[in-house]
Amino acid sequence: MKRHSCLCIPRSGSLDYVIQLICIILLIIATSGYFLSCAKNDSESFYRSIQEIDSLVSNGQQSSAARKLKSLRKKASSASQWLSLVKRERSLGRFDQATDTLLMGLQSIPSSDTLAAVLVDTLCVSGHTEKSLAYTDSLTSSPFALVATYAVLSSASDRGSYEDVDSRYLLHAFDLTGRSVFLTHAITRYAVSGDYPNACSLVLSPRFERVTDFPAKSYFSAMLCYDAGLFDQTYAILSKREGSRTVDETLLMADSAVRSNNITSAQTLWLSLVDSGADTSPLPLYNLAASLDHEYDRALYLERCVQAFPLYYPALARFSRTSLSLGDTSTFDSIQHELDNKGLTSGRMEQLKVTGVYDTQRAGRLLDNALAEQGQKPDVRIYLEKSRLVMALDKDAIRTAADQWKLLEQYPLDPLAHDWAIWFFLDIGEEGTAFSLNNGRPGSPHPFYLAVEKASIGQLDQAISLFSECSAEGETAWIALANIGVLEYKQKEKARAIETLSRAASMCPDLTQQSSIHTRIAEYLIDMRLEERAESVLGYALELDPSNYRARTLVRSLEARK
């Protein structure tokens, strides 16, 4: 249920007002910084030369004045003197010359924020905004921070994108203009870079409280806190939301309740959406079906979900698989009908109600309808779900093998279709076909099945390495670990093998599979003559799955040896 914050890119021209305002402030700063230069008397010779240059300008001899300004650079010894030259070069329209003067000035006085600020402004005014960015970082903590902001945002405006703008500049722009677009961009930039503490600090700050022109303010704040893992804060933000909440806001609020282990509150929120007739999302019905305690209630909501959203794959898959596990329709006899009408029930009647909802034939019809509604190229997952149902009901391997080739013809470039076919052929013992399909898999061979192939030909080190690629995460992680444990035992790494198998069992979500892994561990312990420990492990395996025949047989064998 994870949600990700999105950048809100303003329309073209949204920075016009900001740029104009920053320009005014920039000019005030710049003129106060360097137009007072003639009041300084650090060097009589320098200022006599300045007066001569001013006279040349007054007489219209601009080229001569520009040449003399360039030669006068060698006499400049302070920031005010460098800026005296730049002022006149800019007034003559010699911006390239002014840029060179400022660069020389910064070589002479590298710590001068004033020179750096005027250089940034000069480059921007002369159309070289991108070049000015090389000099903005040093200004962010100076009195000329707004000059840097102007340059950075001007460059972003020219590119038509603000996604790469540092949050510092965006915050300066917000503080200057009060426009929410800059603050939300700054927050999002922090979040995208993984700096959730700063991002959440901003959405919970007085700055964000001042925002009035951002309609999605509550949802934005809540979504960010959710992404940061602050689920209680997410719930609190949306609880305080004024007016009616949207479907997305209610779903996010329910998700945050689930993450805080408050299932009851989440169910109340999902029910409120169902009762209000909100039919824009299958999630309220599906989440209720997955979270309620009683199977009959779960069945009813899942049925409603499938009816309302016939193409929603999770509901289709859950309905089909539950139908397989619970069996086909059973009905009440006359006495049970009479009891049910009077509101009386029993455990058996409840079970019959559930199996009355779940039906493999109906599941097949629902899947067929979904496939037909999607046309020539339906969702491959729905196609595979239908294949799963057919295989469970029809054990004819030849017929179902033909279906796999049809599947690959219809989805020749889909890795999921190939993975299903590979698994199928491995399952029916046609390893050569499976390995051949894996080697031709779109993109690259799947490392899991490649590992199986390497293990089958005795290349155990390579197999372990490939299984390791699959053991970090995902549904097959525990299976990959279990296979690594088996191969380690074959390599005589017995203690390591048992440790790896134990980790695989702890990751396995299915109790029956966990029991099977512990049974294998017990077999290895017996082989190592650690029979007391093996007996203890077998006891645990039978706790997990009392019907584990292999474990029970081993227990009897150990007892017979005593």
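Residues numbered from 1 in each chain as written. Predicted model: local features only at pLDDT ≥ 70, side-chain atom pairs only at ≥ 80, totals over all residues. Heavy atoms only, no water.

Per the secondary structure count, the protein chain includes 33 helices and 0 strands. Across the 562 residues of the protein chain, 46% fall into the buried class. Put simply, 53% of the contacts in the protein chain that link residues at least 6 apart link residues at least 24 apart. Of the accessible surface of the protein chain, which amounts to about 28,700 Å², a share of 50% is contributed by carbon and sulfur atoms. (Helix = DSSP H or I, 4+ residues; strand = E, 2+ residues; numbered from the N terminus. Buried < 20%, exposed > 50% of the residue type's maximum accessible area, 1.4 Å probe, protein only. Contact = heavy atoms within 4.5 Å. Areas by Shrake-Rupley, 256 points an atom, 1.4 Å probe, with all protein chains shown as cover.)

The subject of this paragraph is the confidence of the model for the protein chain. For the protein chain, the mean per-residue pLDDT works out to 82, and 85% of the residues sit at or above 70. For the protein chain, the element scoring lowest by mean pLDDT is helix α1 (residues 16–34), at 46; helix α15 (residues 247–259) scores highest, at 94. The low-confidence segment residues 1–22 (pLDDT under 50) makes 43 contacts with residues lying over four places distant or belonging to another chain. Within the model, pLDDT remains below 50 along residues 24–42, and this stretch shows 31 contacts once partners closer than five positions in the same chain are excluded. (pLDDT = per-residue confidence, 0-100.)

Formed by 156 residues in total, the largest nonpolar core has its most connected members in Leu-85, Leu-183, Ile-187, Phe-208 and Leu-407. Among residues more than four places away in sequence, those in contact with Leu-85 are Phe-46, Ile-50, Leu-69, Leu-72, Arg-73, Ala-76 and Thr-101. (Core = buried A, V, L, I, M, F, W, Y, C linked by side-chain atoms within 4.5 Å.)

The next point concerns a positive patch on the surface. Among the surface-exposed residues, Arg-67, Lys-68, Lys-70 and Arg-94 lie close enough to one another that they form a single positively charged patch. Relative to the elements of secondary structure, Lys-68 occurs in helix α3 (residues 62–71). (Patch = residues over 30% accessible without salt bridge, like charges linked within 9 Å, V, L, I, M, F, W, Y side chains within 5 Å. Salt bridge = Lys/Arg side-chain N within 4 Å of Asp/Glu carboxyl O. Lys, Arg positive; Asp, Glu negative; His and termini not counted. Charge placed at Lys NZ, Arg CZ, Asp CG, Glu CD.)

Okay, the packing of aromatic side chains next. Evaluation of the coordinates by the stated rule reveals 13 aromatic pairs. Ring centres of Tyr-383 and Tyr-411 lie 5.8 Å apart, and the angle between their planes is 75 degrees; on these two criteria the pair is classed as edge-to-face. Placement of the pair is Tyr-383 in helix α23 (residues 380–393) and Tyr-411 in the loop between α24 (397–410) and α25 (415–427), with a sequence separation of 28 residues. Each member of the pair, Tyr-383 as well as Tyr-411, is classed as buried. Joined through ring pairs, the aromatic side chains of Phe-208, Phe-214 and Phe-220 make up one cluster. (Phe/Tyr/Trp six-rings, centres within 6.5 Å; stacked < 30°, edge-to-face > 60°.)

Taking 1.5 Å of rise per residue, the 13 residues of helix α6 (residues 113–125) would be expected to cover 18 Å, and the 18 Å separating its terminal C-alpha atoms lies within 8% of that figure. Positive backbone phi, approximately 85 degrees, marks Gly-127, located one or two places after α6. (Expected span 1.5 Å × (residues − 1).)

Note on placement: Gln-62 falls in helix α3. A relative accessible area of 42% means that Gln-62 is categorised as partly exposed. The sequence separation of Gln-62 and Gly-93 amounts to 31 residues, and the corresponding C-alpha distance is 10.0 Å. Setting aside residues no more than four positions away along its own chain, Gln-62 makes contact with Leu-92 and Arg-94.

Right, let's talk about the packing of helix α32 (residues 531–544) against helix α33 (residues 549–561) for a bit. With their axes 9 Å apart at the nearest point, α32 and α33 run at an angle of 145 degrees to one another. Note on packing geometry: the crossing formed by α32 with α33 is left-handed. Taken together, the residues of α33 that come into contact with α32 (itself represented by Glu-531, Glu-535, Leu-538, Ala-541 and Leu-542) are Ala-551, Arg-552, Leu-554, Val-555, Leu-558, Glu-559 and Arg-561. (Axes fitted to C-alpha atoms, helices over the stretch in contact; angles between N-to-C directions. Left-handed = near helix turned anticlockwise from the far one by under 90°.)

We now examine the pattern of salt bridges. Across all of its chains, the model carries 11 salt bridges by this definition. Measuring nitrogen to oxygen at the nearest pair gives 3.7 Å for the salt bridge that ties Arg-168 to Asp-137. Taken together, the positions of Arg-168 in helix α9 (residues 167–177) and Asp-137 in the loop between α7 (129–132) and α8 (145–159) put the pair 31 residues apart, joining distant regions of the chain. By relative accessible area, Arg-168 is classed as partly exposed at 35%. Accessibility expressed as a relative area gives 52% for Asp-137, which makes it exposed. When the shortest N-O distance is used, the salt bridge between Arg-207 and Asp-175 registers 2.7 Å. Linking Arg-207 in helix α12 (residues 206–209) with Asp-175 in helix α9, this pair joins segments that are 32 residues apart in sequence. Exposure remark for Arg-207: the relative accessible area of 25% places this residue in the partly exposed category. The class of Asp-175 is partly exposed, set by a relative accessible area of 42%. Put simply, Arg-321, Glu-385 and Arg-388 are held in one network by salt bridges that share partners.

A separate point is the packing of α8 against α9. Running from N to C, α8 and α9 point in directions that differ by 110 degrees, and their axes come no closer than 9 Å. As summarised for this structure, α8 and α9 are arranged roughly perpendicular, according to the angle between their axes. Contacts from Ala-145, Leu-146, Ala-148, Thr-149, Val-152 and Leu-153 in α8 reach Tyr-169, Leu-170, His-172, Ala-173 and Leu-176 in α9. Looking at the contact of α8 with α9 residue by residue, the classes come out as 9 nonpolar, 2 polar and no charged. (Parallel < 35°, antiparallel > 145°, perpendicular 65-115°, else oblique. Nonpolar A, V, L, I, M, F, W, Y, C, P; charged D, E, K, R; others polar.)

In the Ramachandran plot, Lys-492 falls in the positive-phi region, its phi being about 70 degrees despite a non-glycine side chain. Along the chain, Lys-492 turns up in the loop between α29 (477–490) and α30 (494–507). A positive phi angle, close to 65 degrees, is found at Arg-529, a residue other than glycine. Its location among the elements puts Arg-529 in the loop between α31 (511–527) and α32. Among the residues examined, Arg-529 registers a relative accessible area of 75% and is labelled exposed.

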